[in-house]
Amino acid sequence: MSDAKASMRLNWYSEFREPTLEALFQRTMQAHHACQLRYALWSAAGLFLAFSLADYAMLGLGETYSWLLAMRVAVALSCVSLAMVTLKRPALAQRPLPVNVICLICLTGLMATIPLRPDQIGIHLASMIFASMVLYLFVPNRFPWILIWNVYLASGVVTAMLIWSSLAPGLMFTSLLLLGFVNLLGSLTLTRLDRPQRNQFASLLEEREANRQLHNEIEERRQLEERLRHMATTDELTGIANRRHFFELANRELSRALREQTPLAMCMVDIDHFKCLNDRHGHATGDRVLTAVADCCQSVLRDTDIIGRYGGEEFVLALPNANLHTAASIGERLREKVTQLTLPDVDVLGPLSVTVGISRLEANETHLDGALLRADQALYAGKTRGRNRVVVADPQVSFLTDVKASAKH
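Undergrad: Pulling in residues and values, what's your account of the layout of surface pockets?
TA: Estimates place the volume of the largest pocket at around 560 Å³. Where the lining of the largest pocket is concerned, the elements lending two or more residues are helix H3 (30–59), helix H4 (63–88), helix H5 (96–116) and helix H6 (121–137). Looking at which element gives the most residues to the lining of the largest pocket, the answer is H3, with nine residues. Residue composition of the lining of the largest pocket, by class: 22 nonpolar, five polar and two charged. One number sums up the size of the second largest pocket: a volume of about 470 Å³. Lining the second largest pocket are 28 residues, with Gln26, His33, Pro140, Asn141 and Asp194 positioned closest to its centre. Going through the elements one at a time, helix H2 (19–28), H3, H5, H6, helix H7 (143–164) and helix H8 (169–233) are the ones with two or more residues in the lining of the second largest pocket.

Undergrad: Explain the packing of helix H11 (residues 283–300) against helix H12 (residues 324–339) to me, using residue names and the numbers behind them.
TA: It is the contact of H11 with H12, at a shortest axis distance of 9 Å, that shows an interaxial angle of 140°. Between H11 and H12, the interaxial angle falls into the category oblique. Seen from above, H11 lies across H12 with right-handed handedness. Across the interface between the two elements, Val293, Cys296, Cys297, Ser299 and Val300 from H11 touch Ile330, Arg333, Leu334, Lys337 and Val338 from H12.

Undergrad: Please set out the pattern of salt bridges residue by residue, giving values where relevant.
TA: Here the structure, examined in full by the defined rule, presents 17 salt bridges. A salt bridge links Arg229 to Glu226; its shortest N-O distance comes to 2.9 Å. In this pair, Arg229 and Glu226 are both assigned in helix H8, three residues apart and thus about one turn of the helix distant. Classification of Arg229 by relative accessible area gives partly exposed; the value is 45%. For Arg360, the salt bridge goes to Glu362, with nearest N and O atoms at 2.9 Å. For Glu362, a relative accessible area of 17% gives the class buried. In this structure, a network of salt bridges that share partners links the residues Glu22, Asp194 and Arg198.

Undergrad: Which residues make up the pairing of strand S2 (residues 306–311), and what values do they have?
TA: Two faces belong to every sheet, and in a regular strand the side chains alternate between them. As judged from the five bridges shared by S2 and strand S3 (residues 314–320), these two strands associate in the antiparallel manner. The partner of Ile306 across the bridge, within S3, is Ala318. The hairpin formed by S2 and S3 contains two residues between the paired strands, and Gly312 there has a positive phi angle of roughly 60°.

Criteria and thresholds
- Residues numbered from 1 in each chain as written.
- Predicted model: local features only at pLDDT ≥ 70, side-chain atom pairs only at ≥ 80, totals over all residues.
- Heavy atoms only, no water.
- 1 Å grid on protein atoms, 1.4 Å probe; cavity = no way out; pocket = protein on both sides within 12 Å on 5 of 7 lines; lining within 4 Å.
- Points joined across faces, edges and corners; volume = space filled by probe spheres on them.
- Helix = DSSP H or I, 4+ residues; strand = E, 2+ residues; numbered from the N terminus.
- Nonpolar A, V, L, I, M, F, W, Y, C, P; charged D, E, K, R; others polar.
- Axes fitted to C-alpha atoms, helices over the stretch in contact; angles between N-to-C directions.
- Parallel < 35°, antiparallel > 145°, perpendicular 65-115°, else oblique.
- Left-handed = near helix turned anticlockwise from the far one by under 90°.
- Contact = heavy atoms within 4.5 Å.
- Salt bridge = Lys/Arg side-chain N within 4 Å of Asp/Glu carboxyl O.
- Buried < 20%, exposed > 50% of the residue type's maximum accessible area, 1.4 Å probe, protein only.
- Pairing = 2+ DSSP bridges.

Listed below in structure tokens is the structure:
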């Protein structure tokens, strides 16, 4: 993402202009902010308790020391309590109420040390500067709240010094300049830290979106390729393999049959009187007949068998691991099933029927041409013998055998 585009996404204090995008960023940074807040709370608690030792060294036991100790222990316990709670509920680190309450307690406690120890001006100024930098760098609060608490800290400390300490006007002015410089430095540092984080987060979101779109495009292309592959290998009307794809599949079975020395049978199926049906009832009815016969073929075939549309009203079958007897049984089941079909506007010509020619791959053959030629010859022999029959071509005998002959129609 370019710097100009990134700048348009962020406001003057380096947060996303879109509330939903900023909320998403805050959720993403929740664990980091919780850990950061815990470090700040544990450090603040330790420092407040550590300064109680310095108070004792300077004040000794007494009422003033007791008030300071009570205040420091109360602030430290508040910090420790919130740090422990954020271990189980990290979301509290980004809630304005608990973070601002602990800021109020800590800063008020810091300012309360001034009237109790008004002579330690240098320590109070150092503490104020340290607290201001902690607000900018370690407390995961929103930038406007950080500015508010720094204003509260500065005004409170300056007011307390004016009331309880005898600070010279020149030193007071110097302190104010130092405080202003600290806030300027803190705000610049905070924005320089926050801006790259959000720019990186926005770039990550854009990259994820680009990856998602790329994934969608790949999926669409895969589906398109699948559809094109289906169109290239499937007969559009009947839904079975087209002629080219059938021979691709059949040649694979041929290679397997030659390699494993298993039988392979071929069948040619032709719809009887299809031209007459087409001329009389139209191509729409002819298409319904072709689809119905294709469905019949698929219903009688085994899972390993292959069917394809050879052309026009002819279908071709490849039957792996099928001898002539098995192929003849499949052909006869197909023939009987077609005769049982009932289609509107077709029964007026008589029942539908098919003629089936069957052959097998011989031991000395390495191509399908011979088996297909014999199956085609058997088919045309069935046509001349009256149609509606299954004819087997067996090279071991010199004639074609009818499996079952039906009456001519």
